[in-house]
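Examining the three-dimensional arrangement
In case you want the letters, here they are:
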Amino acid sequence: MEDISKVVVFNAPIEKVWKAVSTAEGITSWFMPNDMKAEMGYEFTFEAGQFGKSPCKVTELDAPHLLGFDWGKDWHLTFKLKDLGDNKTEFNLIHSGWDENMSTEHGQPHTVVRGHMDMGWDNIVANKLRDIVEA
């Protein structure tokens, strides 16, 4: 199954966007509570509400341009940032690991969850994260 990819341009400097996507406080403000640290190999959890704690591990790091981490048993999230100058930053979220023959830890088929996550990322990135970094 195809990766989910969301690309937006924020009216914010790359350092501000980086802080919002690479710290526990930043990610909590637009996504989920967590105890993340932008350190290679760092293991952390998302507090996923009704789904409980979701384990993650930082697997890619090139501050302030790239952060990637495994999420749960199947998924990988990558945040790519590009400084466009004039206090503008291009942000690309890539959510990979989808497989039409697999289900989540909670028994939900990837084919169903991917559609929900695709729409959810639209709102989260274009609205919630934008509100934080452009404030």
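In what follows, the accompanying structure is described.

1. Re the packing of aromatic side chains
For the structure shown, the criterion picks out 14 aromatic pairs. Geometrically, the ring pair formed by Phe-31 and Phe-46 is edge-to-face, given 5.3 Å between the ring centres and 90° between the ring planes. Separated by 15 residues along the polypeptide, Phe-31 in the loop between helix 2 (24-30) and strand 2 (43-47) and Phe-46 in strand 2 bring together distant segments of the chain. The pair Phe-31 / Phe-46 is uniform in exposure class, with both members buried. By the ring-pair criterion, three or more aromatic residues cluster together here, those being Phe-10, Trp-30, Phe-31, Phe-44, Phe-46, Phe-69, Trp-71, Trp-75, Phe-79, Phe-91, Trp-98 and Trp-121.

2. A word on the layout of surface pockets
Taken as a whole, the largest pocket holds about 510 Å³ of empty space. Looking at the largest pocket, it is lined by 21 residues, and the ones nearest its centre are Ala-48, Phe-51, Trp-71, Trp-75 and Met-117. At the level of elements, strand 3 (53-62) and helix 3 (110-133) are the ones that each hand at least two residues to the lining of the largest pocket. Tallied by class, the residues present in the lining of the largest pocket amount to eleven nonpolar, seven polar and three charged.

3. Describing the sheet that holds strand 1 (residues 4-10)
Spatial ordering of the open sheet is given by 1-6-5-4-3-2, a layout of six strands whose pairing is antiparallel. Strands with a single pairing partner mark the edges of an open sheet, and in this sheet they are strand 1 and strand 2. Adjacent strand axes in the sheet meet at a mean angle of 25° when their direction is disregarded. Where strand 1 meets strand 6 (residues 88-96), seven bridges bridge the pair, whose relative direction is antiparallel. Considered in strand 6, the bridge of Val-8 is made with Phe-91. Of the strands in this sheet, strand 1, strand 3, strand 4 (66-71), strand 5 (75-85) and strand 6 are in contact with helix 1 (residues 14-22), which crosses strand 5 at around 165°.

Definitions and cut-offs
Residues numbered from 1 in each chain as written. Predicted model: local features only at pLDDT ≥ 70, side-chain atom pairs only at ≥ 80, totals over all residues. Heavy atoms only, no water. Phe/Tyr/Trp six-rings, centres within 6.5 Å; stacked < 30°, edge-to-face > 60°. Helix = DSSP H or I, 4+ residues; strand = E, 2+ residues; numbered from the N terminus. Buried < 20%, exposed > 50% of the residue type's maximum accessible area, 1.4 Å probe, protein only. 1 Å grid on protein atoms, 1.4 Å probe; cavity = no way out; pocket = protein on both sides within 12 Å on 5 of 7 lines; lining within 4 Å. Points joined across faces, edges and corners; volume = space filled by probe spheres on them. Nonpolar A, V, L, I, M, F, W, Y, C, P; charged D, E, K, R; others polar. Pairing = 2+ DSSP bridges. Axes fitted to C-alpha atoms, helices over the stretch in contact; angles between N-to-C directions. Contact = heavy atoms within 4.5 Å.

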